[in-house]
Amino acid sequence: MPTRVHMLARRPLTPEAVAEFVALPTGPPAGDDFEALDAELARRGWDWEHELVCDSFRTQHGHVLCSDDQNPFGQTDSRSFLVFGELYP
């Protein structure tokens, strides 16, 4: 029986989106408190994403971003992931 794939997000990867994602660990850090993180999201044009993947962000390019840490900005030790879909057996 084939595995069905249900997509959570479908957005093309543009050079700008990739550059922004790759620069996350080396960029200026944002504070860990809610106000500082919220200000960084607003500055970037990002939003909180709780509907598709809990505790994640939606980038200005429409990608869902998850991170090992709550704050992916300037965190060289933290892994971040762009979420494109989810598999259901």
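Because the structure is a prediction, the values reported are computed rather than measured.

A.B. asks: Explain the pattern of salt bridges here, please?
C.D. replies: In a structure, side chains of opposite charge can pair up when their charged atoms sit close to one another. For the structure on display, the rule yields 5 salt bridges. Between Arg-44 and Glu-40 there is a salt bridge, and its shortest N-O distance comes to 2.7 Å. Taken together, the residues Arg-44 and Glu-40, both in helix H2 (residues 34–44) and 4 residues apart, mark about one turn of the helix. Of the two residues, Arg-44 and Glu-40, both sit in the buried class. In this structure, the salt-bridge partner of Arg-79 is Asp-68, at a minimum N-O distance of 2.8 Å.

A.B. asks: Got a minute to help me understand the nonpolar core in this structure?
C.D. replies: One broad rule of soluble globular proteins: the nonpolar side chains tend to lie buried together. In terms of nonpolar packing, the biggest core is built from 8 residues, these being Leu-24, Ala-30, Leu-37, Leu-41, Trp-46, Phe-57, Leu-65 and Phe-73. Once you skip the residues sitting within four places of it in the chain, Phe-57 turns out to touch Leu-37, Leu-41, Trp-46, Asp-47, Trp-48, Glu-49, His-63, Val-64, Leu-65, Gln-70 and Pro-72.

A.B. asks: Teacher, can you tell me more about the pairing of strand E4 (residues 64–67) here?
C.D. replies: Each regular strand carries side chains that alternate between the two faces of the sheet. Of the two faces of E4, the one holding Val-64 and Cys-66 and the one holding Leu-65 and Ser-67 are both buried throughout. Relative to E4, strand E3 (residues 56–58) runs antiparallel, the two being bridged by 2 bridges. Within the sheet, the bridge partner assigned to Phe-57 lies in E4 and is Leu-65. Between E3 and the antiparallel strand that follows it, E4, lie 5 residues; Gly-62 among them carries a positive phi value of about 90 degrees. Looking at chain direction, E4 and strand E5 (residues 80–83) are connected through 4 bridges and run antiparallel. The residue of E5 that forms the bridge with Ser-67 is Ser-80.

Conventions and cut-offs
- Within any chain, residue numbers begin from 1 and follow the written order of that chain's sequence.
- pLDDT decides what is reported in this predicted model: residues at 70 or higher carry local features, side-chain atom pairs at 80 or more are listed and counted, and totals for whole chains, interfaces and linings draw on all residues regardless.
- Side-chain measures were taken over the full set of non-hydrogen atoms in the model, leaving aside hydrogen atoms and water.
- For salt bridges, the criterion is a side-chain nitrogen of Lys or Arg within 4 Å of an Asp or Glu carboxyl oxygen.
- Numbering of helices and strands runs from the N terminus, with a helix taken as a DSSP run of H or I at least four residues long and a strand as a DSSP run of E at least two residues long.
- Think of it in three bands: residues with accessible area under 20% of the maximum for their type are buried, residues over 50% are exposed, and the middle band is partly exposed, with areas taken using a 1.4 Å probe on protein chains only.
- For this analysis, a nonpolar core means a set of buried residues of the types Ala, Val, Leu, Ile, Met, Phe, Trp, Tyr and Cys, connected via side-chain atoms within 4.5 Å.
- Whether two residues are in contact is decided by their heavy atoms, any of which lying within 4.5 Å being enough.
- Whether two strands pair comes down to DSSP finding at least two bridges between them.

Worth remembering: the numbers are spatial, not functional.
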